[in-house]
Amino acid sequence: MRALSLQYNKLKLLKSYLEKGLGTKEATRNAGVFWKDEDDMLRQARTWNFPALDALARDLIDADKQCKSTGMPDLLIAERLYLQIAGRAARAGT
């Protein structure tokens, strides 16, 4: 869950830098994106819009709460969330 949250935060930060007009290299550097991940992160930033990212944030919070309160295995909760995200990305055109 932590890795997914970090990825989400970098993606949202990158998208906001790009929206402000920064170049791709500068935006990825400022967002803390590892240079080998730049192409994938830029593709993701083009795919996701802010309303979809906001909905994803709610899902991340809900999954985190489930990990801490339901007694379900954390791995299953995280895998289910990964699959939901992949489905949304596929529908968005990734």
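The rules behind each value
Residues numbered from 1 in each chain as written. Predicted model: local features only at pLDDT ≥ 70, side-chain atom pairs only at ≥ 80, totals over all residues. Heavy atoms only, no water. Salt bridge = Lys/Arg side-chain N within 4 Å of Asp/Glu carboxyl O. Helix = DSSP H or I, 4+ residues; strand = E, 2+ residues; numbered from the N terminus. Buried < 20%, exposed > 50% of the residue type's maximum accessible area, 1.4 Å probe, protein only. Axes fitted to C-alpha atoms, helices over the stretch in contact; angles between N-to-C directions. Parallel < 35°, antiparallel > 145°, perpendicular 65-115°, else oblique. Left-handed = near helix turned anticlockwise from the far one by under 90°. Contact = heavy atoms within 4.5 Å. Nonpolar A, V, L, I, M, F, W, Y, C, P; charged D, E, K, R; others polar.

Caption draft 1: Region of interest: the pattern of salt bridges. If you walk through the whole model with that rule in mind, you get six salt bridges. With a closest N to O distance of 2.7 Å, aspartate 54 and lysine 12 form a salt bridge. Remark: lysine 12 occurs in helix 1 (residues 2-19) and aspartate 54 occurs in helix 4 (residues 50-69); sequence separation between them is 42 residues. A relative accessible area of 26% means that lysine 12 is categorised as partly exposed. Of the charged contacts, one joins aspartate 64 and lysine 68 as a salt bridge, the two residues approaching to 3.1 Å between their closest N and O atoms. You can see aspartate 64 and its partner lysine 68 sitting in helix 4, four residues apart, about one turn around the helix. Accessibility expressed as a relative area gives 29% for aspartate 64, which makes it partly exposed.

Caption draft 2: Broad picture of the packing of helix 4 against helix 5 (residues 74-92). For the pair helix 4 and helix 5, interaxial distance at closest approach is 9 Å and the crossing angle is 165 degrees. Between helix 4 and helix 5, the interaxial angle falls into the category roughly antiparallel. Relative to helix 5, helix 4 is oriented so that their crossing is right-handed. Of the residues in helix 5, those in contact with Ala55, Leu56, Asp59, Leu60, Ala63, Gln66 and Cys67 of helix 4 are Asp74, Ile77, Arg80, Leu81, Ile85 and Arg88. Its residues assigned to classes, the contact of helix 4 with helix 5 comprises eight nonpolar, one polar and four charged.

Caption draft 3: Region of interest: the environment of leucine 14. Inspection of the secondary structure puts leucine 14 in helix 1. Residue leucine 14 is classed as buried on the basis of its relative accessible area, which comes to 0%. When the C-alpha atoms of leucine 14 and alanine 45 are compared, they prove to be 7.0 Å apart, with 31 residues separating the residues in sequence. Not counting the four nearest positions on each side in its chain, leucine 14 is found in contact with Ala27, Thr28, Ala31, Met41, Leu42 and Ala45.

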